[in-house]
Amino acid sequence: MSERTTTMDKVVALCKRRGFIFQSSEIYGGIGGFWDYGPLGVELKRNIREAWWRHMVTGHDDTATLDGAPSPFSMVGLESTIIMDPKVWKASGHFDLFYDLFVDCKTCKARFRSDQLVDSQCPNKPSKKPGEHDECELTDPREFNLMFKTYVGALVDPNAEAYLRPETAQGMFTNFKNILSTSRVKVPFGVAQIGKSFRNEITPRNFTFRSREFEQMEMEFFCPPDSSHDWYTFWRDRRVAWYVSLGLKSGNLRLREHGENERAHYSCGTADIEYAFPFLPEGEFGELEGVSHRGDFDLRSHMEGKLIKEGNELVVEQDEHGQPKHPGSGKDLSYFDDAAGEKYVPHVIEPAAGADRATLAFLCEAYDEDAIPDEKGNPQERVVLRLHPRLAPVKVAIFPLVKKDGQPEIAAELYRDVKKRWNVFYDEKGSIGKRYRRQDESGTPFCITIDHQTLDDQTVTLRDRDSTEQTRIKLADVEQIVAERIDA
Ligand code: GAP
């Protein structure tokens, strides 16, 4: 990211202008915390999801011992439902504990997250922080559960209450035994899932960064307790490397280990992968992904019931009758390890990423402004999205230089050929300079132009988005050369 040029306002404006991201229900004034991905945004996000899925699941080699890994491991995928049995959220602790504290102002009726008061604005003018106007009257902090509630079936009745999932993780825990018994995996193995999650955030903010409907890319890695710390460091470092491999500069990324007081009561280690989002002051970072060592908390919760910490032990929380407050399934979720000849409850390492936050980070990183010469050699300012070619929504744009002399026919034939493999864009309208610049703003890494010379010698120009360098290549080699550059 060029710190000189990238501001959040510019990224948001580009997203709107080029059709990456729109506010949901915009024609009705918009609904806070919900975002739609436009024609380019949907391709970018799909490519991010696809890169993650390949890295985690389909591209994983079950037979190899990867650098830093204690042993080979297996990876499989899952797609579980958004609405689950409400008992899941009771046993997991979300029903009791997944809340933020908020304060209301009795005068202006605004609501603020209590931990964000210093960063919030009172809606009254002149602009001040909540509580700073004489007439402000803030309530004491109160709890607000972030899970969206709904009803299953025709009756709006407490027995029909259900929740939209606030994370994808629980479906992977509840299916642990199903996956073990159907897919021939053995511990250690990971289950990956991509899907929508919902949180009724009190103050959604910073574009898509904190949304109410968003997408997660989570993986639950089940491993033997003895090697769990090695697996934790392996996954933590591997996840940072993934972002770097797709273009986030390491200077804008940070791995921050949580101190003991910041960690959840069950966590044996948590690190956030953080990015220097441009909405933050210089030197500050925002969470992109959390990597957590969750011990045996999740599988035990779904066996025994909601767990709380007593001393150093996790024990089942009891109600006033001495019964589990929120019972688990009662199913045995332990594992018999043939190789070790022992039975244990696997420990879990969880890299939990957000597809929307990753999309935002890649957009912010890619945004740049520079000046390039126009057809007459005069410098022209341009906005360019320097997205990694694998993430770019459109891989190749194909242009006939002019709309005559047989050029559109050759260009259209090439377009149809290349489209079989990638998302390709065809454009024959406007000056070639304008066509290039539109693609620069869209993040298209390569433009192919068919011109007079093509008719003579079957060559075309290949223009590189980042350097703007143009090379003459054979028409027949376009696909191979573009493929090499995408994977370079
Ligand atoms: N299962 C663990 C879990 O859900 P989390 O840190 O609450 O952990 C994981 O969420 C990731 O999901 C975050 O690092 C972030 O990328 C994304 N995420 C969480 N809340 C979000 C929100 N309100 N809007 C957009 N992304 C969010």
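One numbering rule holds for all chains: residues counted from 1, following each sequence as written. Under the rules for a predicted model, residues below a pLDDT of 70 receive no local features and side-chain atom pairs below 80 are neither given nor counted, while totals for whole chains, interfaces and linings still include all residues. With hydrogens and water excluded, all non-hydrogen atoms of the structure serve as input to the side-chain values.

A. Structural context of the site of the ligand. Near, as used in this document, describes a residue that has one of its heavy atoms within 4 Å of the molecule or strand being considered. Around the ligand, the structure places 20 residues, and the nearest of them are E167, R199, S211, E218 and E287. In this structure, E167 approaches the ligand through a side-chain N or O atom, which is 2.6 Å from a nitrogen atom. Using a 1.4 Å probe, the Shrake-Rupley method yields the accessible areas, and only the shown protein chains count as cover for residues. Coverage of the ligand by the protein chains reaches 89% of its 560 Å² of free accessible surface. Numbering of helices and strands starts at the N terminus; helices are DSSP runs of H or I of at least 4 residues and strands are runs of E of at least 2. If you list the elements that add at least two residues to the shell around the ligand, you get β10 (213-223), β13 (286-295) and β18 (347-354). In protein, a polar contact requires one atom able to donate a hydrogen and another able to accept it; more generally it is a pair of N or O atoms within 3.5 Å, and residues adjacent in sequence count only if both atoms are side-chain atoms.

B. Region of the structure containing the packing of helix α2 (residues 39-58) against helix α7 (residues 228-245). Two numbers describe how α2 lies on α7: the axes approach to 12 Å, and their chain directions differ by 140°. Here α2 is positioned oblique relative to α7, judged by the angle of their axes. Read as a crossing pair, α2 and α7 show a hand that is right-handed. Across the interface between the two elements, I48, A51, W52, H55 and M56 of α2 pack against W235, R238, R239 and W242 of α7. For this scheme, ten residues count as nonpolar: Ala, Val, Leu, Ile, Met, Phe, Trp, Tyr, Cys and Pro. Four count as charged, namely Asp, Glu, Lys and Arg, and the remainder, Gly too, count as polar. Residue classes in the contact of α2 with α7 are distributed as 6 nonpolar, 1 polar and 2 charged. Where helices are involved, their axes are fitted lines through C-alpha atoms of the stretch in contact, as for all axes, and angles between N-to-C directions lie from 0 to 180°. Roughly parallel covers angles under 35 degrees, roughly antiparallel covers those over 145, roughly perpendicular covers 65 to 115, and oblique covers all other angles. Left-handed is the label given to a crossing in which the near helix is rotated counterclockwise from the far helix by less than a right angle, and right-handed is the label when the rotation is clockwise. A contact between two residues is defined here by any heavy atoms of the two lying within 4.5 Å.

C. Geometry of the nonpolar core. Counting 57 residues, the largest nonpolar core has M217, W231, W235, W242, Y243 and F362 as the members making the most contacts within it. Here the element with the most residues in this core is helix α9 (residues 355-366); it accounts for 8 residues. Beyond its immediate chain neighbours, meaning those up to four positions away, Y243 contacts L248, L253, I273, L288, E289, A353, A358 and F362. By nonpolar core we mean a set of buried residues, namely Ala, Val, Leu, Ile, Met, Phe, Trp, Tyr and Cys, connected to one another through side-chain atoms within 4.5 Å. Under the scheme applied here, a residue whose accessible area is under 20% of the maximum for its type counts as buried, over 50% as exposed, and between as partly exposed, the area being computed with a 1.4 Å probe on protein chains only.

D. Focus on unusual backbone geometry. Between K125 and P126 the backbone carries a cis peptide bond, its omega angle lying at -5°. Omega for the bond connecting V187 with P188 falls within 30 degrees of zero, at 5°, which places this linkage in the cis form. Here P188 lies in the loop between α6 (176-183) and β9 (189-198). Not every positive phi belongs to a glycine, and S25 is a case in point at roughly 60°. The residue S25 is located in the loop between β1 (21-23) and β2 (35-37) in this model. Here Q458, not a glycine, exhibits a phi torsion of approximately 60°, which is positive. Tracing the backbone through its elements, the reader meets Q458 in the loop between α12 (452-457) and β24 (459-464).

E. Local environment of the sheet that holds strand β4 (residues 99-104). As summarised here, the arrangement of the 3 strands in space is β5-β4-β6, forming an open sheet in which the pairing is antiparallel. Looking at the sheet topology across the chains shown, the edges are occupied by β5 (111-113) and β6 (142-145). Shown here is a sheet whose adjacent strand axes are inclined to one another by a mean of 45°, direction ignored. Bridging between β4 and β5 involves 3 bridges; their strand directions are antiparallel. When the sheet's bridge partners are listed, F102 is paired in β5 with R113. Think of it this way: DSSP has to see at least two bridges between two strands before they count as a pair.

F. Looking closely at the layout of surface pockets. Here the term cavity refers to a set of points on a 1 Å grid, laid over the protein atoms alone, in which a 1.4 Å probe fits but cannot get out; the term pocket refers to an open set having protein on both sides within 12 Å along at least five of seven lines, with lining residues being those that place an atom within 4 Å of a point. Grid points are joined across faces, edges and corners, and a volume is the space filled by probe spheres set on the points. The calculated volume of the second largest pocket comes to roughly 670 Å³. Forming the boundary of the second largest pocket are 28 residues, of which N47, E50, A51, R54 and R390 lie nearest the centre. If you tally residues by element for the lining of the second largest pocket, the top one is α2, at 8 residues. Partitioning the lining of the second largest pocket into residue classes produces 11 nonpolar, 6 polar and 11 charged.

G. Quick peek at the sheet that holds strand β3 (residues 74-77). Here we have 7 strands laid out as an open sheet, ordered β3-β9-β10-β18-β13-β12-β11, and mixed in their pairing. If you trace the sheet from one side to the other, it starts and ends with β3 and β11 (253-257), each paired once. Between one strand axis and the next, the sheet turns through 20° on average, direction left out of account. One ladder, built from 10 bridges, connects β9 with β10; its direction is antiparallel. Counted as the bridge partner of F189 is F222 from β10. Against the sheet, α7 engages β3, β10, β11, β12 (269-275), β13 and β18, with an angle of about 160° to β13.

H. Region of interest: the pairing of strand β25 (residues 470-474). Two elements, β24 and β25, share 5 bridges in a ladder whose sense is antiparallel. Bridged to T461 within β25 is R472. Following β24, the chain reverses through 5 residues before pairing antiparallel with β25; T468 in that reversal takes a positive phi of roughly 60°.

I. Spatial organisation of the side chain of Q116. Mapped onto the elements of the fold, Q116 is located in the loop between β5 and β6. Judged by its relative accessible area of 9%, Q116 is buried. If we skip the residues at most four places from it in the chain, Q116 touches T203, R205 and R210.

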